[in-house]
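Residue-level structural notes
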Amino acid sequence: MAQADRTDLPAGARGYDGFDGVIGRTSSVSRPWWPEEPTAPAGAPNIVVILVDDMGYSDISPFGAEIDTPNIDRLARNGFRLSNYHTTPVCSPSRAALLTGLNPHRAGYGSVANSDPGFPGLRLELADDVLTLPEILRAGGYATYAVGKWHLVRDANMGPGRDRSSWPVQRGFDSYYGSLEGLNSFFYPNQLIADNTVVDVAEYPDDYYVTDDLTDRAISQITALRAQAPTKPFFLYFAHIAMHGPHQVKEADLAKYRGRYGQGWDEVRRQRFQRQIENGLFDPDTPMAERNTEPGFDAPLWDDLEPTEQERFQRYQEVYAAMVDSVDQSVGRVVDTLEQLGELDNTIIVFTSDNGGTAEGGPVGTRSYFSQFVHGPVPPDWERDVPHDQDLIGSAALGVHYPRGWGQASNTPFRFYKGQTFAGGVRVPFVVSWPNGLPRAADDTGVRRQFSYVTDLVPTLLELAGVDTPDHRHGRPAQERDGVSIADVLRDRDAQSPHTEQYAEFGGHRGYYRDGWKLVSLHRDPASVDDPAWELYDVTTDPAETTDLAARHPDKVAELAAAWDAAAWRNTVFPLYDRPADQLRRRPAEARLSDPIRILAGTPTLERYRSSRLIAYRDFVVEAELEGWTADDEGVIVAHGDQQGGYLLYVEAAAVHLVYNAYGRVRRESGRLPDGATALCLRASATPSVRWNLTVEAVCDGEASTIVKLDDQVQLVGMAPWTGISVGLDARGPVDPELRQRRGVFRFGPALRAVTYRPGPTRVGVDVRRGLDEAAERSAD
């Protein structure tokens, strides 16, 4: 430290920059000093924000659902429902806006954090001058905790040694436990993070379920704090992985909903809307949107379906309802903990969703989620739904998603889905409760119909908590927030909304709200992305956007279109993508992720994205080093993937076994491993039609011989294999469930030293590239 220029020092004493005490030659002539620790305002409330993924407006009972959600009901009875709350069309932008109060493009998240096109609005990392809610609250004397889905880190930065500046702990959370990914398996998560470290899980317990695990961690964070600091307020950000696909649920929860959806999605919509009117969310004369009929978004009449389709389709919704129920159970456990601590009444609890219900299951649903959800070029004959036993829907064995007819029911009474700027994509439930600070009058229904937006959450919570916002972050002036506090709206049912206008954009879909008018467009043709077909709605009387008034009010269309354009420039929305492939672009530095790599046996599982760069759309060779192998040595050589797709090479009974799981279609081939083998070599030769020809060679005395051959296998691309590469065991989700049941993770002994991946050239034919535009459109989900 440099000596400070101070005039209050005794003779012979010194001061130092940043130290307000006195330093003499001995302690007896020195004066100690301690910096003040941040202290929250007296009586400051705890804050719990519970964010659900891909859950539509009507999926909880306070917003019309038939699904049992008694714990969320309790919050609504003691608090408020925002019936006119809006978010962004997809997850990463919503999370960035919710945690920063900035409009999503200004925060750097015009899309999901799974690409890097190279423009400011799609930076997909939080900038150094962007303050987050946990950073502000921590500076204001709060403890800060996060569990669950993050999805604000580019997938290229999810592995060890990568930039962590947008990881939760670096963005203000004292502790974090969850998944950095945009989705995950509920029974076999591909990777979990504790603070800044990957949790080295080899095998999950038989009764593992990720929602329960996250809830256990959230409760332990709260109770551990209370054992150390009984009065310190805390902020808990609980971001559920549910309800994102693939949909998987515990059998005990599923049993409750068996047979409850035989009436179909049309009747469920009708009943939900009736309850919404009865609950005061809408006026009795409010029109409900008709079924979506636009190609690619359409949902058929339930009664027009074949009986076999109706039987299968209702099974998907049974799973979805059971998952919502499991989220409510989680809410109940957190609420019960707060009640046991005597702190429930002085805790602000927010429950909401990041966007509307989704159509990503397609017209008939899917049992092979990662085949359906490929984000790259595939041939026209690509199989997007691999048939499976219907009784397995919802289990760990399948990655299912409901047909989009159920997505439309989820978004009752609105049009369209996640990914679009119509109400179905952006209008979601919002419940807030704080009995001490926001008591509800006896004659107040608790419904607030004023417009509000996801950016309003930060300023509202800060005002309610009495915490000021710092001017700087890491020495740089902090960006100014876009959101405004709606605390007055919560306190006064007659207050006017302070949020009077708001732009929206995602994937070329546009929207603009101002004073009860909404201008919106549905993007279809990349070539005309900057020539929108505008529709205009009076959402004060027509919240479901059923009557297009654009032809009657051309001046209003022009006014709002100009306002959208100005807001787009101000918020770094441009450029819009007239070539869909541009939005999937990655930064050139990522090319090194496909360099050859040698992995020692027993190394923690390689992260998913890094693993995928070694094999996707390319030839590759996997070389396994054996030392002193004998017929007694058994176990897994290498495993990449899980039940939703992967490949596995193992040795058992002196034979080599190759298991190839093509999104649920499993092939097994085997051959004898010669005595004295010193290496095994798996070769995958890619074909232009996105297939692999696979061979396994054994090396003895320097000579290679083919012992297993498996041709014309559908490649694992997109987000498959979901679980990364393990050497010496089949960790986490099993590629081959039968082998897992027989041998567990089946660890290889010391005879296996290492495995080396040598990626080859990519090979994609002309016929495959024709699917690129379609795949890019699907990537919007």
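In what follows, the structure referred to is the one given above.
First things first, this report covers the structure right here in the doc.

What counts and what doesn't
- Residues numbered from 1 in each chain as written.
- Predicted model: local features only at pLDDT ≥ 70, side-chain atom pairs only at ≥ 80, totals over all residues.
- Heavy atoms only, no water.
- Helix = DSSP H or I, 4+ residues; strand = E, 2+ residues; numbered from the N terminus.
- Buried < 20%, exposed > 50% of the residue type's maximum accessible area, 1.4 Å probe, protein only.
- Contact = heavy atoms within 4.5 Å.
- Pairing = 2+ DSSP bridges.
- Axes fitted to C-alpha atoms, helices over the stretch in contact; angles between N-to-C directions.
- Salt bridge = Lys/Arg side-chain N within 4 Å of Asp/Glu carboxyl O.
- Polar contact = N/O pair within 3.5 Å; in protein donor to acceptor, adjacent residues only side chain to side chain.
- Parallel < 35°, antiparallel > 145°, perpendicular 65-115°, else oblique.
- Left-handed = near helix turned anticlockwise from the far one by under 90°.
- Phe/Tyr/Trp six-rings, centres within 6.5 Å; stacked < 30°, edge-to-face > 60°.
- Lys NZ or Arg CZ within 6 Å of the ring centre and 35° of its normal.
- Core = buried A, V, L, I, M, F, W, Y, C linked by side-chain atoms within 4.5 Å.
- Nonpolar A, V, L, I, M, F, W, Y, C, P; charged D, E, K, R; others polar.
- Arc of directions from axis to C-beta.

1. Describing the side chain of Gln191
As for its placement among the helices and strands, Gln191 is situated in the loop between strand 7 (175–179) and strand 8 (193–194). Here Gln191 falls in the buried class, since its relative accessible area comes to 7%. For Gln191, the residues in contact, after removing those within four places along its chain, are Met158, Gly178, Ser179, Asn184, Val198, Glu607 and Arg732.

2. Quick look at the sheet that holds strand 26 (residues 665–672)
Within a sheet, adjacent strands bond to each other through the backbone by hydrogen bonds, running parallel or antiparallel. Spatially, 26-25-24-23-30 is the arrangement adopted by the 5 strands of the open sheet, whose pairing is antiparallel. Two strands close off the open sheet at either side, each with one partner strand: strand 26 and strand 30 (725–727). With strand direction ignored, the average angle separating the axes of adjacent strands in the sheet is 10 degrees. Alignment of strand 23 (residues 635–642) against strand 30, held across 3 bridges, turns out to be antiparallel. Across the sheet, Ala639 pairs through a bridge with Ser726, a residue of strand 30.

3. Focus: the pattern of salt bridges
Applying the stated criterion across every chain yields a total of 63 salt bridges. Of the charged contacts, one joins Arg154 and Asp116 as a salt bridge, the two residues approaching to 3.7 Å between their closest N and O atoms. Note that Arg154 is positioned in the loop between strand 6 (143–149) and strand 7 and Asp116 in the loop between helix 3 (104–107) and helix 4 (133–139), a separation of 38 residues in sequence. Residues Arg154 and Asp116 agree in their burial class; the two are buried. The partner of Glu738 in a salt bridge is Arg668, and the shortest N-O contact between them spans 3.5 Å. One end of the pair, Glu738, is in helix 17 (residues 737–743); the other, Arg668, is in strand 26, and 70 residues separate them in sequence.

4. Overview of unusual backbone geometry
The peptide bond linking Ala242 to Met243 adopts the cis configuration, its omega dihedral lying at 15 degrees. Of note, Met243 is situated in the loop between strand 10 (234–239) and helix 6 (251–255). With omega at 10 degrees, the peptide bond leading from Phe574 into Pro575 counts as cis. Looking at the secondary structure, you find Pro575 in the loop between helix 14 (554–570) and helix 15 (580–583). In this structure, His151 is a non-glycine residue whose phi angle is positive, near 55 degrees. Among the structural elements, His151 can be located in the loop between strand 6 and strand 7. If you check the backbone angles, Asp195 has positive phi at about 60 degrees while not being a glycine. Considering the arrangement of structural elements, one finds Asp195 in the loop between strand 8 and strand 9 (197–198).

5. Focus: the side chain of Glu545
Tracing the backbone shows Glu545 in the loop between strand 20 (535–538) and helix 14. Of note is the side chain of Glu545, whose polar atom sits 3.1 Å from the backbone nitrogen of Ala423. Discounting residues that sit within four places of it in the chain, Glu545 has contacts with Arg415, Phe422, Ala423, Lys518, Tyr537 and Val539.

6. Some remarks on the packing of helix 5 (residues 210–228) against helix 8 (residues 307–340)
Helix packing for two helices is described by the angle between their axes and how far apart those axes are. Close contact between helix 5 and helix 8 brings their axes to 10 Å; oriented N to C, the two are set at 15 degrees. When the interaxial angle is binned, helix 5 and helix 8 end up roughly parallel. Read as a crossing pair, helix 5 and helix 8 show a hand that is right-handed. On helix 8, the residues that touch Thr211, Asp212, Thr215, Asp216, Ile219 and Thr223 of helix 5 are Ser326, Ser330, Arg333, Val334 and Thr337.

7. Structural notes on the packing of aromatic side chains
Applying the stated criterion across every chain, the model contains 35 aromatic pairs. On the basis of an interplanar angle of 85 degrees and a centroid distance of 5.1 Å, the ring pair of Tyr57 and Phe63 is categorised as edge-to-face. Accessibility classification places Tyr57 together with Phe63 in one group, the buried group. Chaining the aromatic ring pairs together yields one cluster made of Tyr57, Phe63, Phe273, Phe282 and Phe414. Across the ring face of Trp167, the terminal group of Arg164 is positioned such that the distance to the ring centre comes to 4.2 Å. Directly above the ring of Tyr177 sits Arg217, whose terminal nitrogen or CZ lies 3.9 Å from the centroid.

8. What to know about the nonpolar core
Formed by 76 residues in total, the largest nonpolar core has its most connected members in Phe234, Met243, Phe351 and Trp406. Examining the composition of this core, we find that 13 residues originate from one element, helix 8, more than from any other. Each residue touching Trp406, except ones within four places of it in the same chain, is listed here: Tyr261, Gly264, Trp265, Val268, Trp302, Phe313, Gln314 and Gln317. Counting residues in each nonpolar core, the second largest holds 73 residues, with Leu82, Ala239, Val432 and Val489 among its members.

9. Digging into the sheet that holds strand 18 (residues 509–514)
Ordered in space as 17-18-19-20, the 4 strands form an open sheet in which the pairing is antiparallel. Every interior strand has two partners, whereas the edge strands, strand 17 (501–506) and strand 20, have only one. Adjacent strand axes in the sheet meet at a mean angle of 15 degrees, parallel and antiparallel pairs treated alike. In the packing of helix 14 onto the sheet, the strands contacted are strand 17, strand 18, strand 19 (517–521) and strand 20, and the crossing angle to strand 18 comes to about 110 degrees.

10. Describing the packing of helix 1 (residues 70–77) against helix 8
Two elements in contact, helix 1 and helix 8, have axes whose closest approach is 7 Å; the angle formed by their N-to-C orientations is 55 degrees. Judged by the angle between their axes, helix 1 and helix 8 are oblique. Mapping the contact onto sequence places Pro70, Asn71, Ile72, Arg74 and Leu75 in helix 1 and Asp328, Gln329, Val331, Gly332, Val335, Asp336 and Glu339 in helix 8. The residue makeup of the contact of helix 1 with helix 8, split by class, is 5 nonpolar, 3 polar and 4 charged.

11. Brief notes about helix 12 (residues 457–465)
Note that an α-helix has 3.6 residues per turn; residues three or four places apart therefore point the same way. Most of helix 12 sits out of view: 8 of its 9 residues are buried. Turning to helix 12, its buried residues number three or more, namely Leu457, Val458, Pro459, Thr460, Leu461, Leu462, Leu464 and Ala465. Gly466 occupies a position one or two residues after helix 12 and carries a positive phi of about 75 degrees.

12. Focus: helix 1
Those residues of helix 1 that fall on the buried side of the exposure criterion are Ile72, Leu75 and Ala76. Each buried residue of helix 1 sits inside an arc of 100 degrees when the element is viewed along its axis, so together they form one side.

13. Notes on the pairing of strand 31 (residues 752–762)
Consecutive residues of a regular strand have side chains that alternate between opposite faces of the sheet. With 4 bridges connecting them, strand 21 (residues 597–600) and strand 31 associate as antiparallel partners. Paired with Arg598 across the strands is Thr756, a residue of strand 31. Across 8 bridges, the pairing between strand 22 (residues 618–626) and strand 31 is antiparallel. Looking at strand 31, one finds that Phe620 is bridged to Pro759.

14. Focus on the pairing of strand 3 (residues 46–52)
Of all 7 residues making up strand 3, 7 are buried, and the element is well covered by its neighbours. Side chains Asn46, Val48, Ile50 and Val52 of strand 3 all project onto a buried face; the interleaved residues Ile47, Val49 and Leu51 project onto the opposite face, where all are buried too. Two elements, strand 3 and strand 11 (residues 347–353), share 7 bridges in a ladder whose sense is parallel. The residue of strand 11 that forms the bridge with Val48 is Ile349. The pairing of strand 3 with strand 10 spans 5 bridges and is classified as parallel. Following the sheet pairing, Ile47 is matched in strand 10 by Phe235.

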